[in-house]
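A structural walkthrough
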Amino acid sequence: MTNTWPLSRGTVPEREAFALAASVLFVLFAGDAVPNTLTWVGAGILWAAVAAWGVAVLVRARPPITRTPRSLWFFLAWCLVSVAWSHWRPATLASITVQVICAAVAFAIASTLTWRRILDALSLAMRWVLMLSLVFEAIVAVVVRHPIAPIWTDYGDRDIPDAFYFSRAELFTGGRIQGLPGNANLLAMVALLAAIAVAVQFAEGRIGRNRAIGWLVVAGGVLLLTRSSTVLAAALVVAVSLVVALWIRRVPTERRTPRYLVVLVVAVVVGVVAFLARGAVSELLGKGADATGRGDIWQHVLALIHQHVVVGWGWIGYWWPDIPTLADLAHRKGVTYLQAHDAYLDVWMQTGVIGLLLFALYVVTTLSRSWSSATRIGYDRTLSPRPFEPVSLLPLLVVVALLVQSIAESRLLYQGNWVLFAVIAIKSRIVLVGEEPRSTGDGPRTPPAKREFRRPVAR
């Protein structure tokens, strides 16, 4: 059965909870592969089935809601209240319904799995997306040999933008691959999350050395093939966060103030330099001075924000293409973009400054708990320091990766990013890694190379 903390009032088989988590993360991070292969009707049926499964698990588990992040529910409540003044009321009602259901599924996952099993589910889902993405791109490049469009479209002989294709058959031509998500940037984030999960698994002894090296090579290869400057920047920040967290953790809590001051000074200097040289940095990353058109999109979004600064236009999440105000807002090279390409501008535009403050509170408190998870020194019943657990780094590394991406993408507000961030937010509020009791079902699974001590000694 599940091992939750605090204990749920109901029970759900651990295997089912793990299967739910892996399935949800795979389906959501597979992205456009679902509607592109099943049509939007088929995709809707699949998403509804997975959501129903998640809600059913939540109902059977009956976890207490008292130790979940209030900031998340306050933000969702404000999104619901925005129906009263929304300029697209039907879309707001539909979008907030999906948003709440996704949060409920995240609550189910966080309440029925331990941190180590969440790590395993994340790793399994991301590795499957990577593997199937490479297989898909290989088949398109070798067998089909030309770009392919989603199954529900028929462009005929028209000259259409490259962004409309499911795959551009560029695996061996030097172009950027898109994989199952149908977008190079999104596939790159999957590769980064897979690298984080596999590295933590290896440090935990939950995956063998050869398998870990192999998957890290695959993830690195996908990062190179996607060439996403946003995700490469996220990877750099994740690496810096890892080094800083380990450096802070090396000293007792009462002696950390000088190190925090050093980190603060360095962060301020780097932030100021990055802001002053933002144009040059963007050019260096291959984004151009306006971050590949994002500057124009941000200006248009800011123009909408200035019209309804306090309460916004009404929640919608991902922009609906049939709403003229949004559909005519962001065009580039024949493509209509249905997001602000910045999660915080998107929240501000949709829910006003009040919603932005509530969302910022949700983000900051989640980041704070993730930092505590990575740097806090736990103690056992005898008040002796507990040994370092690598899985305690998982929340921080994943949250940092998602937050860096949220500066250039709005994905934090929906689909896989929203659910994964909510899982960490809720789970870290329920229990930090160092305070969670050991579960009989979550290992560690010691790699074969380290099992010698289990073998009987010949006499």
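Residues numbered from 1 in each chain as written. Predicted model: local features only at pLDDT ≥ 70, side-chain atom pairs only at ≥ 80, totals over all residues. Heavy atoms only, no water.

- The protein has the name O-antigen ligase-related domain-containing protein in an unreviewed UniProt entry, where Curtobacterium pusillum is given as its organism.
- The record in UniProt for the protein states the following under Subcellular location (unreviewed entry): "Membrane". (UniProt positions renumbered as here; feature names shortened; annotations may be inferred.)

Concerning the confidence of the model for the protein
- When pLDDT is averaged across the protein, the result is 85; 86% of the residues are at 70 or more.
- Across the protein, the secondary-structure element scoring lowest on mean pLDDT is helix H10 (residues 278–284), at 59, and the one scoring highest is helix H14 (residues 394–405), at 96.
- Across residues 451–459 the pLDDT falls below 50, and counting only partners more than four positions away or on other chains, this stretch makes 2 contacts in the model. (pLDDT = per-residue confidence, 0-100. Helix = DSSP H or I, 4+ residues; strand = E, 2+ residues; numbered from the N terminus. Contact = heavy atoms within 4.5 Å.)

Some remarks on unusual backbone geometry
- Positive phi, normally seen in glycine, also occurs at Arg-62, with a value near 50°.
- Judged by relative accessible area, Arg-62 falls into the partly exposed class, the value being 45%.
- Even without being glycine, Arg-227 reaches a positive phi, approximately 50°.
- When you line up the elements, Arg-227 lands in the loop between helix H7 (209–226) and helix H8 (229–249). (Buried < 20%, exposed > 50% of the residue type's maximum accessible area, 1.4 Å probe, protein only.)

Some details on the packing of aromatic side chains
- Within this structure, the stated rule accounts for 13 aromatic pairs.
- Judged by centre distance (5.2 Å) and plane angle (50°), the ring pair of Phe-75 and Phe-359 falls under tilted. Note that Phe-75 is positioned in helix H3 (residues 70–81) and Phe-359 in helix H13 (residues 343–375), a separation of 284 residues in sequence.
- Given a relative accessible area of 1%, Phe-359 falls into the buried group.
- Ring geometry for Tyr-362 and Phe-421: centres 5.4 Å apart, planes at 80°, overall edge-to-face. Residue Tyr-362 is located in helix H13, and its partner Phe-421 is located in helix H15 (residues 415–430); the two are separated by 59 residues in the primary sequence.
- Accessibility expressed as a relative area gives 1% for Tyr-362, which makes it buried.
- By relative accessible area, Phe-421 is classed as buried at 2%.
- Within the aromatic cluster, the residues linked to one another by ring pairs are Phe-75, Trp-315, Tyr-344, Phe-359, Tyr-362, Trp-418 and Phe-421.
- The side chain of Arg-117 reaches across the aromatic face of Phe-18, ending 4.0 Å from its centre. (Phe/Tyr/Trp six-rings, centres within 6.5 Å; stacked < 30°, edge-to-face > 60°. Lys NZ or Arg CZ within 6 Å of the ring centre and 35° of its normal.)

With respect to the UniProt feature "transmembrane region" (unreviewed entry) in the protein
- As recorded in UniProt, the feature "transmembrane region" (unreviewed entry) lies at residues 40–59, 71–88, 94–116, 128–148, 184–203, 215–248, 260–281 and 347–367.
- Along residues 94–116 the backbone is 91% helical and 0% strand, and the end-to-end C-alpha distance reaches 34 Å.
- Structurally, residues 184–203 is divided into 100% helix and 0% strand, and its ends, taken at the C-alpha atoms, are 29 Å apart.

Regarding the pattern of salt bridges
- In total, this model carries 7 salt bridges according to the counting rule given.
- Taking the shortest distance from any N to any O, the salt bridge between Glu-389 and Arg-116 comes out at 2.8 Å. Highlighted residues: Glu-389 in the loop between H13 and H14 and Arg-116 in helix H5 (residues 115–144), separated in sequence by 273 residues. Each member of the pair Glu-389 and Arg-116 is classed as buried. (Salt bridge = Lys/Arg side-chain N within 4 Å of Asp/Glu carboxyl O.)

Description of H15
- Between its terminal C-alpha atoms H15 stretches 23 Å, which fits the 22 Å expected from 16 residues at 1.5 Å a residue.
- Most of H15 is tucked away, with 14 of its 16 residues classed as buried. (Expected span 1.5 Å × (residues − 1).)

Quick look at a nonpolar patch on the surface
- On the surface, Trp-128, Met-131, Val-135, Ile-139, Val-142, Val-143, Val-144 and Phe-172 cluster together to form a nonpolar patch covering roughly 730 Å² of accessible area.
- Locating Phe-172 in the fold gives a position in the loop between H5 and helix H6 (184–204). (Patch = residues over 30% accessible without salt bridge, like charges linked within 9 Å, V, L, I, M, F, W, Y side chains within 5 Å. Areas by Shrake-Rupley, 256 points an atom, 1.4 Å probe, with all protein chains shown as cover.)

Overview of the side chain of Ser-392
- Counting through the fold element by element, Ser-392 comes out in the loop between H13 and H14.
- Once residues within four sequence positions are removed from consideration, Ser-392 is found in contact with Arg-249, Ser-373, Ala-374 and Val-433.

Observations regarding the packing of helix H4 (residues 89–112) against H15
- Viewed as axis vectors pointing N to C, H4 and H15 meet at an angle of 45°, and their least axial separation amounts to 8 Å. Here H4 is positioned oblique relative to H15, judged by the angle of their axes. In this structure, the crossing between H4 and H15 has a hand that is right-handed. On H15, the residues touching Gln-99, Cys-102, Ala-103, Ala-106, Phe-107, Ile-109, Ala-110 and Ser-111 of H4 are Trp-418, Val-419, Ala-422, Val-423, Ile-426, Lys-427 and Ile-430.
- A per-class count over the contact of H4 with H15 returns 12 nonpolar, 2 polar and 1 charged. (Axes fitted to C-alpha atoms, helices over the stretch in contact; angles between N-to-C directions. Parallel < 35°, antiparallel > 145°, perpendicular 65-115°, else oblique. Left-handed = near helix turned anticlockwise from the far one by under 90°. Nonpolar A, V, L, I, M, F, W, Y, C, P; charged D, E, K, R; others polar.)

Here's the deal with the nonpolar core
- Core analysis: the largest hydrophobic core is formed by 97 residues, its most contacted members being Met-126, Ile-196, Val-398 and Trp-418.
- Broken down by element, the residue count for this core peaks at 11 residues, all from H6.
- Ignoring anything within four residues of it in the chain, the contact list for Met-126 reads Leu-25, Phe-29, Val-190, Leu-193 and Ala-194.
- One finds Ala-91, Leu-304, Trp-319 and Ala-330 within the second-largest nonpolar core, a separate group that totals 17 residues. (Core = buried A, V, L, I, M, F, W, Y, C linked by side-chain atoms within 4.5 Å.)

Brief notes about the environment of Thr-365
- With respect to the element layout, Thr-365 can be found in helix H13.
- Between the C-alpha atom of Thr-365 and that of Ser-428, which follows or precedes it by 63 residues, the distance is 9.9 Å.
- Here the side chain of Thr-365 touches Tyr-362 through a polar contact of 3.1 Å, landing on its backbone oxygen. (Polar contact = N/O pair within 3.5 Å; in protein donor to acceptor, adjacent residues only side chain to side chain.)

Side note on the environment of Val-237
- Within the element layout of this structure, Val-237 appears in helix H8.
- Put simply, Val-237 and Ala-401 are 164 residues apart on the chain and 7.6 Å apart in space, counted from C-alpha to C-alpha.
- Excluding its chain neighbours within four sequence positions, the residues that come into contact with Val-237 are Val-400 and Val-404.

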